[in-house]
Amino acid sequence: MKESETATMAYFDQMSLSRRAWESAGGAVVAGALTGILLGVNLWAYIVATLVSVVGALPAGSQHRTVGGALLRGLVGGTLWSTALLIAHGVTGLPATSALPEPPVAFLPFCFLPTALVAAIVWLIANRRRASTGNALGAGAPRSRIHGGAVGSPRGRIQPERTARVRVDGETRGEVGV
């Protein structure tokens, strides 16, 4: 991904409601259901679908401003994906081509715990990259609990630009950096 593309990537809280719903729930449910169907059809198709799901979920952690948001997103996404997988597989009635734990609900922690951990790791990598490229969040950015600066700023040293309106003869003539 080019640096210019990362500068224009939307954070989760900047996305429309429909996009947030799709990216946090819809994609996970559809991918999980498809993977659950393939679990009863062919082992290699199930493995490929699982890998595609993992790769598709990787950017989710980087779309958040805080590591807590990334963790929650990974937890929700992994839970929805694995639940959809189990339901779709159960509906097909086909025997699993890969072993599932008994009871099948014991499969859930094997999905939501790693996805939460991976989302947090992706957030850390993305946050460090934003800091190293100077692509820090602007004014009004939430403060990070890790180092006290604006999220994405190297140790909080980047300050948001301040401006003041210039008035000449009672009319606003523009803005000046302060």
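Cut-offs applied
Residues numbered from 1 in each chain as written. Predicted model: local features only at pLDDT ≥ 70, side-chain atom pairs only at ≥ 80, totals over all residues. Heavy atoms only, no water. Helix = DSSP H or I, 4+ residues; strand = E, 2+ residues; numbered from the N terminus. Buried < 20%, exposed > 50% of the residue type's maximum accessible area, 1.4 Å probe, protein only. Contact = heavy atoms within 4.5 Å. Areas by Shrake-Rupley, 256 points an atom, 1.4 Å probe, with all protein chains shown as cover. Phe/Tyr/Trp six-rings, centres within 6.5 Å; stacked < 30°, edge-to-face > 60°. Lys NZ or Arg CZ within 6 Å of the ring centre and 35° of its normal. Polar contact = N/O pair within 3.5 Å; in protein donor to acceptor, adjacent residues only side chain to side chain. Expected span 1.5 Å × (residues − 1). Arc of directions from axis to C-beta. Core = buried A, V, L, I, M, F, W, Y, C linked by side-chain atoms within 4.5 Å. Patch = residues over 30% accessible without salt bridge, like charges linked within 9 Å, V, L, I, M, F, W, Y side chains within 5 Å. Salt bridge = Lys/Arg side-chain N within 4 Å of Asp/Glu carboxyl O. pLDDT = per-residue confidence, 0-100.

### Topic: the overall build of the protein chain
A count of helical and extended segments in the protein chain gives five helices and two strands. For the protein chain, buried positions account for 30% of its 178 residues. Contacts in the protein chain between residues at least 24 apart in sequence constitute 59% of all its contacts with a sequence separation of at least 6. Surface exposure of the protein chain reaches about 11000 Å², of which carbon and sulfur atoms provide 65%.

### Some details on the packing of aromatic side chains
Applying the stated criterion to the full structure yields zero aromatic pairs. Positioned above the aromatic ring of Tyr-11 is the side chain of Arg-65, whose terminal nitrogen or guanidinium carbon lies 4.4 Å from the ring centre.

### Points about the side chain of Arg-65
With respect to the helices and strands, Arg-65 occurs in the loop between helix H3 (43-57) and helix H4 (67-92). Within polar-contact distance, the side chain of Arg-65 engages the side chain of Asp-13 at 2.9 Å.

### Overview of H3
One turn of the α-helix equals 3.6 residues, which is why residues spaced by three or four share an orientation. Taking 1.5 Å of rise per residue, 15 residues should cover 21 Å, and H3 covers 21 Å from first to last C-alpha, within 8% of that figure. Residues of H3 that are buried: Tyr-46, Ala-49 and Ser-53. All buried residues of H3 project into a common sector of 65 degrees when viewed along the axis, lining one side. In H3, the exposed positions angled more than 90 degrees off the buried face are occupied by Trp-44, Leu-51, Val-52 and Val-55.

### A few points about the nonpolar core
Ala-28, Leu-39, Tyr-46, Trp-81, Leu-85, Leu-86, Phe-107, Leu-108 and Cys-111 together form the largest nonpolar core, which totals nine residues. If you list the elements that add at least two residues to this core, you get helix H2 (17-39) and H4. Of the residues forming this core, the biggest block, three residues, is contributed by H4.

### A closer look at a nonpolar patch on the surface
Judged by side-chain polarity, Val-54, Val-55, Leu-58 and Val-118 come together as a nonpolar surface patch covering roughly 310 Å² of accessible area. By the element assignment, Val-55 lies in helix H3. Note on Val-55: relative accessible area 56%, which makes it exposed.

### Describing the confidence of the model for the protein chain
When pLDDT drops low, the exact placement of atoms in the prediction is not to be read closely. With 70% of its residues at a pLDDT of 70 or more, the protein chain shows a mean pLDDT of 79. Least confident of the elements in the protein chain is helix H1 (residues 3-8), whose mean pLDDT is 46; most confident is H4, at 94. Counting contacts from residues 1-7, a segment whose pLDDT is below 50, to residues more than four positions away or on other chains yields eight contacts. The low-confidence segment residues 137-159 (pLDDT under 50) makes 37 contacts with residues lying over four places distant or belonging to another chain.

### Focus: unusual backbone geometry
Residue Pro-103 is reached from Glu-102 by a cis peptide bond, and omega for that bond is -10 degrees. With respect to the secondary-structure elements, Pro-103 resides in the loop between H4 and helix H5 (109-132).

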